[in-house]
Amino acid sequence: MSGARGPILEVEDLVKHYGGVRAVDGISFSVERGAITGLIGPNGAGKSTALNVIGGFLPPDSGRVLLDGEDVTGEPMHRLARRGVVRTFQMARVFGGLTTIENLLVAAPAQRGETAMGLVGGKRFWGGQETEHLERAKEMLSAFGMRDKADEQARNLSGGQKRAVETMRALMARPKLLLLDEPMAGLSPSLSKQLEDLFLELAHDGLSLLLVEHSLDTVERLCSKVVVMAQGRVLAEGRMSELRTRREVQDAYVIG
Amino acid sequence: MGAWEFYLIVLLVYLGTDLLAAWGLNLEFGVTGVANLGYIVTIAAGAYAYVICTLDSPASAGGFQQYVGGFGLPFPIALAGGVVAGSVVGVLIGITGLKRLRQDYQAIAMLVVSLMAATVVTADTPFLNGNAGLVILPQFAPLSDQDPELQRWVYVGIVAVCCVAGYLVLRRFTTGPIGRTLRAVRDDEYAAAAIGKNIVVLRLVVQAAGGALGGLSGALLVGFIGGWSPGAWAYVETLALLTAVIVGGMGNDRGVSIGTFVIAILLLQGVQFLPQISSRLGLKEDLGWIVLGTVTILFIWFRPQGILPERRPKYGASP
């Protein structure tokens, strides 16, 4: 595969307007392979819009998105997901009518039960694969300390639990690039800490993550590289410890 | 043998055809979240397809009614024709509203399709004989040279077999991984897309399956009553099925079956037995609709999950 050793994702001159508002105004940056890249900036900087365009939720007005060197600009979400780009949302979105464990199971990739053969063949055709998925889902729930919530309807979970379910669900889809929109918001400090450790571990195992996050301390602990956005543009790039001392970054956070 | 036995036969055929239709609508709306307010059109398509498959060409049939086609096909093939027609029309209705519209707009778009279809069929007489509708002569007789009562019981048996087959097909869609995926699409289409589900394809497949059930329902019904006209498939008929789905329990196949019995048989037939309270024609039918609307509102207020709520499989909370 071309560029298999370079960055996993490259964003080139990406532009997204809402009417007259230039929410994303020509940004370029790259996401490192097997590492956590942070995307920070004050409210209204365009971070979520950038994530929405990269994740296929919104089509860009211009610019390119390259995944492993391949142009995937404007591809719809479900196709990007099948390429391994899976995202979570700023407001946790769970499947409320399904149970917690079903929320995980539904995300397993290439399910035999969803195919025409699966409809005709029934459980004999997909039962084996389903059992494997079930084992994985149970392990993940245990790792997140939510094993006792397996059969709870997801709509009855607390805000923090829903967020955790969304993260587990994204991991269940076996992504190679995970786009996370403020995954720690609303989580208890202990679950936050657990999640941080998990992200570091996943990155160590080769997963690439792009993390939109408000807490600069979290970003400093997790991210090898940080992209700072303000008013739709990339203001600075580098390590958090260096960026903290830079004047324009401080100004952006103070002035907005 | 008498009026009551005939009435019982009619009720059983109504129940069977209403069950098939309600299951189809539940698959689309209750399970997948497509608010198909034009669902009745798939039933109408199945019925009309059955009629023109069964009838000989208009000229050879005496020319007293106009229609396209007229193929003189045997009963099983005409029934299959109804299933295919319902399925195709289901997909066409789906295309109008699925690609870019939010659920509330989908519902409106599909309701409009229902009204347009009725208008076209009514206005274009050469197509399907317009407002007068089509009559099948002679009516389908499962067994030759038998008395009519026995024929009708055999027809009830055919409907029952179709219901069993329809239910087995339905369960393939509403259970297992695909049933889970469809419910995920219903609960949050964006989150479903974000984990790789192709929303448009999934919904169109469901429209095809739900439409096939509707088409089968329409074909079986017209095979029994022997005639079909725009009056039989006004848009409000969809609302009766929708009430059955809501009252029975959205997304629960057994619940919807109970809801169909309660609404289509107990309620809508029950009002027929009220004593005459006014000389106004059609009062009991109107009363039926009033009660139907009231029941829907009461359920949405006080028991939105229906008689039998949706149930999900349990995997056990401990390892």
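Model, not experiment: these values are computed from the prediction.

Asker: Just to check I follow, could you spell out the overall build of chain A for this structure?
Answerer: Within chain A one finds 10 helices and 10 strands. On C-alpha atoms alone, chain A measures out to a radius of gyration of 19 Å, which is about the 18 Å that the 2.2 N^0.38 rule sets for 256 residues. Its C-alpha atoms give chain A principal-axis dimensions of about 60 × 40 × 35 Å. Per-residue burial over chain A gives 46% buried out of 256 residues. In chain A, the share of contacts with a sequence separation of at least 24, taken over all contacts with a separation of at least 6, comes to 67%.

Asker: Help me understand the overall build of chain B, please; the structure alone is not making it clear to me.
Answerer: Summing up its helical and strand segments, chain B has 12 helices and 2 strands in all. Shown N-terminal to C-terminal, the secondary structure of chain B runs as helices and strands in the order α-α-α-α-α-β-α-α-α-α-β-α-α-α. What you see for chain B is a C-alpha radius of gyration of 20 Å, in line with the 20 Å of a compact globule of 319 residues. Principal-axis analysis of the C-alpha atoms gives chain B an extent of 70 × 45 × 40 Å. Looking at chain B as a whole, 46% of its 319 residues are labelled buried.

Asker: Explain the domain arrangement of chain A to me, please; I cannot follow it from the model alone.
Answerer: Note: interface size is frequently given as the accessible area lost on complex formation between the parts. When its domains are assigned, chain A resolves into domain 1 (9–94 + 173–255) and domain 2 (99–156). Taking only C-alpha atoms, the centre of domain 1 of chain A and the centre of domain 2 of chain A are 28 Å apart.

Asker: Even after reading the chapter, I still don't get the environment of A:Gly38, so can you show me in this structure?
Answerer: All names here are of chain A. By secondary structure assignment, the location of Gly38 is in strand S3 (residues 36–40). On the basis of neighbour count, Gly38 is assigned to the buried category, with 23 C-beta atoms found within 10 Å. When the C-alpha positions of Gly38 and Leu209 are compared, they lie 8.3 Å apart, and in sequence the two are 171 residues distant. Sequence-distant contacts of Gly38, that is, excluding residues within four places in its chain, are made with Leu211, Glu213, Val219, Leu222, Cys223, Val226 and Val227.

Asker: Would you explain the interface of chain B and chain A in this entry?
Answerer: With 25 residues of chain B in contact, the opposing surface of chain A contributes 37 residues. For the side of chain B that touches chain A, the secondary structure elements donating two or more residues are helix H7 (176–187) and helix H8 (189–194) of chain B. Top contributing element to the side of chain B that touches chain A by residue count: H7(B), with 8 residues.

Asker: So what exactly am I meant to see when it comes to the sheet that holds strand S9 (residues 225–230) of chain A here?
Answerer: As a general point, the strands of a sheet are linked pairwise by backbone hydrogen bonds and lie either parallel or antiparallel. Residues and elements named next belong to chain A. Within the open sheet, the 6 strands sit side by side as S6-S7-S8-S3-S9-S10. Their pairing is mixed. Edge positions in the open sheet fall to strand S6 (85–87) and strand S10 (233–238), since each of these has one partner strand only. The mean angle between the axes of side-by-side strands here comes to 20°, regardless of whether they run parallel or antiparallel. Two strands pair when backbone bridges link them, and S9 and S10 are joined in this way by 5 bridges, in the antiparallel orientation. Pairing of Ala230 across the sheet is with Arg233, part of S10.

Asker: Mind showing me how you'd approach the pairing of strand S4 (residues 62–67) of chain A here?
Answerer: Two faces make up the sheet, and in a regular strand the side chains alternate between them. All names here are of chain A. Relative to S4, strand S1 (residues 9–18) is paired through 5 bridges, and the arrangement is antiparallel. Across the sheet, residue Glu12 finds its bridge partner in S4, namely Arg64. Of the strand pairs in this sheet, S4 and strand S5 (residues 70–71) are connected by 2 bridges, and their pairing is antiparallel. From the neighbouring strand, Leu67 faces S5, where its bridge partner is Glu70.

Asker: What am I meant to see in the pairing of strand S7 (residues 177–181) of chain A here?
Answerer: Residues and elements named next belong to chain A. Taken across its 5 residues, S7 has 5 buried, putting it largely inside the fold. A two-sided burial pattern is seen for S7, the buried positions comprising Leu177, Leu179 and Asp181 on one face and Leu178 and Leu180 on the other. Pairing of S7 with strand S8 (residues 208–212) involves 5 bridges; the strand directions are parallel. Residue pairing for S8: Asp181 is matched across the bridge by Val212. Viewed along the sheet, the connection from S7 through helix H7 (residues 189–204) into S8 turns out right-handed.

Asker: Please clarify how the domain arrangement of chain B should be interpreted in this entry.
Answerer: Residue and element names in this part refer to chain B. With domains assigned, chain B is organised as domain 1 (3–233) and domain 2 (235–310). For domain 1 versus domain 2, the distance between C-alpha centres works out to 20 Å. At the junction of the two partners, domain 1 supplies 25 residues and domain 2 supplies 18 residues. Of all the elements, helix H1 (residues 3–31) adds the most residues to the side of domain 1 that touches domain 2, at 13 residues. Looking at the side of domain 1 that touches domain 2 residue by residue, the class counts come to 17 nonpolar, 5 polar and 3 charged.

Asker: What exactly am I supposed to notice about unusual backbone geometry here?
Answerer: Note on backbone geometry: most residues besides glycine have negative phi, and most peptide bonds are trans. Look at A:Asp68: it is not a glycine, yet its phi comes out positive at around 50°. Looking at where A:Asp68 falls in the secondary structure, it is placed in the loop between S4 and S5.

Asker: Before we go on, may I ask you to explain helix H6 (residues 159–172) of chain A in this structure?
Answerer: Each α-helix winds once per 3.6 residues, and so residues spaced three or four apart point in a common direction. Residues and elements named next belong to chain A. End to end, H6 covers 20 Å across 14 residues, agreeing with the expected 20 Å (1.5 Å per residue, within 8%). Across the 14 residues of H6, 12 count as buried, placing the element largely inside the fold. For H6, every residue scored as buried is listed here: Gln161, Lys162, Arg163, Ala164, Val165, Glu166, Thr167, Met168, Arg169, Ala170, Leu171 and Met172. Once H6 ends, the next one or two residues include Arg174, with phi positive near 55°.

Asker: Whenever I open this one, the nonpolar core confuses me. Can you help?
Answerer: One recurring pattern in soluble globular proteins is that nonpolar side chains are buried together. Of all hydrophobic cores here, the largest spans 159 residues; its most connected members are A:Val228, A:Met229, B:Ala47, B:Ala219 and B:Val245. In this structure B:Ala219 touches B:Gly46, B:Ala47, B:Ala49, B:Tyr50, B:Ala78, B:Leu79, B:Gly82 and B:Val83, once residues within four positions along its chain are discounted.

Asker: I'm lost on the packing of helix H3 (residues 75–98) of chain B against helix H4 (residues 103–123) of chain B in this one. Help?
Answerer: Helices that pack against each other are described as a pair by the angle of their axes relative to one another and the distance between those axes. All names here are of chain B. Axis separation between H3 and H4 bottoms out at 8 Å; the angle between their running directions is 140°. In terms of axis orientation, H3 runs oblique to H4. Considering the relative orientation of H3 and H4, their crossing is right-handed. Along the contact surface, H3 presents Ile93, Thr96, Gly97 and Leu98, while H4 presents Gln106, Ala109, Met110 and Val113.

Asker: Explanation requested: the sheet that holds strand S2 (residues 21–31) of chain A in the structure shown.
Answerer: Pairing in this open sheet of 4 strands is antiparallel, and the strands run S2-S1-S4-S5 (chain A) from one edge to the other. Because the sheet does not close on itself, it has two edges, and the strands there are S2 and S5 of chain A.

Asker: What should I look at first to understand the packing of helix H2 (residues 40–54) of chain B against helix H9 (residues 199–225) of chain B in this one?
Answerer: All names here are of chain B. Between H2 and H9, the shortest axis-to-axis distance is 6 Å and the interhelical angle comes to 50°. As summarised for this structure, H2 and H9 are arranged oblique, according to the angle between their axes. In this structure, the crossing between H2 and H9 has a hand that is right-handed. Together, Thr42, Ile43, Ala44, Ala45, Gly46, Ala47, Ala49, Tyr50 and Val51 of H2 and Gly211, Gly214, Gly215, Leu216, Ser217, Gly218, Ala219, Leu221, Val222 and Gly223 of H9 make up the contact between the two elements.

Cut-off values and rules
- Residues numbered from 1 in each chain as written.
- Chains lettered and ligands numbered in written order.
- Predicted model: local features only at pLDDT ≥ 70, side-chain atom pairs only at ≥ 80, totals over all residues.
- Helix = DSSP H or I, 4+ residues; strand = E, 2+ residues; numbered from the N terminus.
- Rg over C-alpha atoms; globule rule 2.2 N^0.38 Å.
- Buried ≥ 20, exposed ≤ 12 C-beta atoms within 10 Å, placed from the backbone.
- Contact = placed C-beta atoms within 7 Å.
- Domains from an automatic or database assignment.
- Pairing = 2+ DSSP bridges.
- Axes fitted to C-alpha atoms, helices over the stretch in contact; angles between N-to-C directions.
- Right-handed = clockwise from strand over helix to strand, strands pointing away.
- Nonpolar A, V, L, I, M, F, W, Y, C, P; charged D, E, K, R; others polar.
- Expected span 1.5 Å × (residues − 1).
- Core = buried A, V, L, I, M, F, W, Y, C linked by C-beta atoms within 7 Å.
- Parallel < 35°, antiparallel > 145°, perpendicular 65-115°, else oblique.
- Left-handed = near helix turned anticlockwise from the far one by under 90°.

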